[in-house]
Every structure is written in C-alpha cells, then in structure tokens.
Amino acid sequence: HHPAIFACALLNAQPMGFYAPAQLVRDAREHGVEVRPIDVNASGWDNGLERRADGHLALRLGLRQLDGFRAEWADRLAAERVVQPFIGIETLAHRTMLPSRALRLLADADAFGVLTRDRRDALWDVRRTPSRQLPLFAAAEASELGAEPSMDLPAMAQDEHVMLDYQTTRLSLKGHPMAFLRGRFRAAGVLSCEEVGRTRNGAQARAAGLVLVRQRPGKGNAIFVTLEDETGIVNIVIWARLFETMRRPVMTARLMMVEGTVQKSPEGVVHLMASRVHDRTGWLDRLSEGEGAEPS
C-alpha cells in the first residue's frame with residue numbers, strides 16, 4: 001500500500017533477509033516509486049523520502065548505501081548543508097574537512113550531482129583538491145586554490161557509469177551491466193531471467209547474471225544463489241554434490257552462467273536446478289575497463 005515507505009524501511013534495515021539492495025530498489029521502481037540517486041546536497045546517512053510535485057513520495061538513496069562511507073562523514077555533510085547548499089567540490093571539502101578517502105568515495109559513486117559536468121570531472125577534481133586546508137592558504141579564496149586550465153576530459157561511457165555504480169553501491173539507476181553483455185550471452189544460447197521464468201517445466205536452459213545472494217541454510221544439502229540481469233532475477237539451486245566439484249566458480253564468481261533444468265512449483269515459483277556453473281567475471285571486468293559498449 002505504501003511502496004516508497006516500505007522500500008525505504010527495508011533498505012535502512014539492511015543487512016537482513018534474502019534480498020539484496022538492488023532487488024529492493026528494482027521492486028520499488030516496478031511498483032511505480034521514483035528512486036533518486038545519492039547526492040551530497042540531498043542525501044543523509046539513511047535512505048529517505050522526498051515529496052514530489054504531484055504529492056507522491058520519492059525514495060532518496062542514502063549514504064549508507066555507499067560501501068566504505070561512514071555515518072560521521074554523512075553527519076558532517078548534513079550539518080554544513082543546512083547552513084548553505086554546496087556549490088562546488090573544493091568548497092565542500094574545505095567546509096566539511098572530509099578526508100580524501102571520503103571525497104573519493106563520493107566521486108566514485110557519482111554523488112556530487114550537479115556540482116560537476118560528469119563523473120570523470122568529479123574524480124579529477126577530487127584528486128587535485130586537498131581535503132584539509134593548509135594554514136598558509138587559510139585566507140585564500142577556494143576558487144584561487146583550484147584555478148587551472150580546463151582539462152576537457154572525455155565524458156564517461158554509459159557502461160563505465162553502470163559498472164562504477166555497482167562497484168560502489170551494488171546497484172545502479174542508470175542501467176544494468178548485463179544489458180551491455182546481452183549480445184554475447186545471446187550468442188552463447190543464454191536466456192534472460194525473464195525468459196527462464198517463461199520456459200516450460202523440465203526444460204533445459206542457460207541463465208546468467210550478477211550474483212546478488214549466496215545462501216546455504218543451516219546444514220542443508222543445497223546452496224541457493226540469486227542471479228540478476230536487466231530483466232529480473234532467477235533463483236539457482238546447486239546441490240551439495242555439485243557444489244563440491246564446482247566450489248570455486250560458485251563461491252568466487254561475480255558474474256555467473258548456469259546450465260540446468262527449469263523447475264516450477266504449483267504455486268508458480270521458478271528455480272533453475274544447476275548441472276554446471278561457469279564463472280564469467282572476466283566479461284564483467286572488460287566493461288570495467290571502459291569498452292564503451294552500448295546496450296544490446
């Protein structure tokens with residue numbers, strides 16, 4: 001009944017349960033919730049709610065979603081922001097006295113919003129901005145410290161943006177890495193998660209996706225893995241016997257391809273019962289290197 005509030009509460013209660021933040025955000029968006037990115041001029045430590053012009057609530061991602069960021073840093077940002085919104089990275093650094101690591105994390109997560117033209121510009125600005133002002137320059141204007149010719153850095157490709165989002169916050173509002181690899185997987189006979197869900201019971205199928213969750217309840221004889229692609233998720237069941245022979249790809253793959261049998265319960269729950277597991281993380285790494293691929 002209140003999807004924005006529900007999603008916000010679940011995200012703030014993480015880590016918990018079987019669902020990863022990416023799944024919770026995907027579900028919220030599928031229920032019509034506008035999800036807004038982390039922004040130094042809007043985000044607090046916790047995920048929050050913002051009133052839209054039409055009266056509905058939007059979900060604003062909080063700095064707790066940023067791996068490695070600290071609550072005390074978020075509090076410092078919020079305290080300074082109340083006095084005056086930030087207008088530039090260098091002035092933000094001087095006002096908050098955040099360490100260089102915090103500034104780099106914000107730049108990596110594209111959290112500077114409208115303060116820079118592009119994420120790559122933010123990364124450059126952060127690396128040339130001292131996080132703590134030296135006494136010699138205490139009386140100098142921030143603009144004087146940062147004066148230098150424009151570098152005219154090339155805009156970051158969309159696949160690079162998406163990969164950095166996943167590396168820093170484990171989700172992206174800009175797209176999904178699998179969308180840039182779909183053509184390659186399609187050529188290998190791999191179905192999307194959505195297509196696996198439409199496949200008949202007992203059929204053989206291949207699926208691939210980012211590994212969101214690995215679980216082995218108690219001393220059970222099965223490992224459960226949740227894979228995500230640009231169309232949804234698919235639940236993988238790996239029996240302990242297979243796991244012992246394929247432990248390395250099961251435990252280390254960030255991008256996993258699975259061959260197996262589709263199993264559908266009378267209630268409509270779909271599992272892919274694995275017969276073979278492949279580690280395709282190398283394909284993901286090529287996107288991280290900035291091939292500039294377009295979704296296929």
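What comes next concerns the included structure.

Definitions and limits used
Residues numbered from 1 in each chain as written. Predicted model: local features only at pLDDT ≥ 70, side-chain atom pairs only at ≥ 80, totals over all residues. Heavy atoms only, no water. Phe/Tyr/Trp six-rings, centres within 6.5 Å; stacked < 30°, edge-to-face > 60°. Buried < 20%, exposed > 50% of the residue type's maximum accessible area, 1.4 Å probe, protein only. Helix = DSSP H or I, 4+ residues; strand = E, 2+ residues; numbered from the N terminus. Lys NZ or Arg CZ within 6 Å of the ring centre and 35° of its normal.

1. A look at the packing of aromatic side chains
Phase 1 of the analysis: A complete count under the given rule lists two aromatic pairs for this structure.
Phase 2 of the analysis: Measuring from ring centre to ring centre gives 5.2 Å for Phe69 and Trp73, while their planes differ by 75°; the resulting arrangement is edge-to-face. With respect to class, Phe69 is no different from Trp73; both count as buried.
Phase 3 of the analysis: Taken together, a centroid distance of 4.7 Å and an interplanar angle of 45° make the contact between Phe185 and Trp283 tilted. Taken as a pair, Phe185 in helix 9 (residues 177-187) and Trp283 in helix 13 (residues 281-288) lie far apart in primary sequence, 98 residues in all.
Phase 4 of the analysis: Given a relative accessible area of 0%, Phe185 falls into the buried group.
Phase 5 of the analysis: Just above the ring of Trp283 sits the side chain of Arg184; from NZ or CZ to the centre is 5.0 Å.
Phase 6 of the analysis: Taking the ring centre of Trp283 as reference, the NZ or CZ of Arg280 above it sits at 5.4 Å.

2. Side note on unusual backbone geometry
Phase 1 of the analysis: Residue Gln14 is joined to Pro15 through a cis peptide bond whose omega torsion reads 0°.
Phase 2 of the analysis: With respect to the helices and strands, Pro15 occurs in the loop between helix 1 (3-12) and helix 2 (21-30).
Phase 3 of the analysis: Non-glycine residue Met97 carries a positive phi angle of around 55°.
Phase 4 of the analysis: Position of Met97 relative to the elements: it lies in the loop between helix 4 (89-96) and helix 5 (100-108).
Phase 5 of the analysis: In this structure, Asp110 is a non-glycine residue whose phi angle is positive, near 60°.
Phase 6 of the analysis: Structurally, the position occupied by Asp110 is in the loop between helix 5 and helix 6 (119-128).
Phase 7 of the analysis: On the basis of relative accessible area, Asp110 is assigned to the partly exposed category, the value being 22%.

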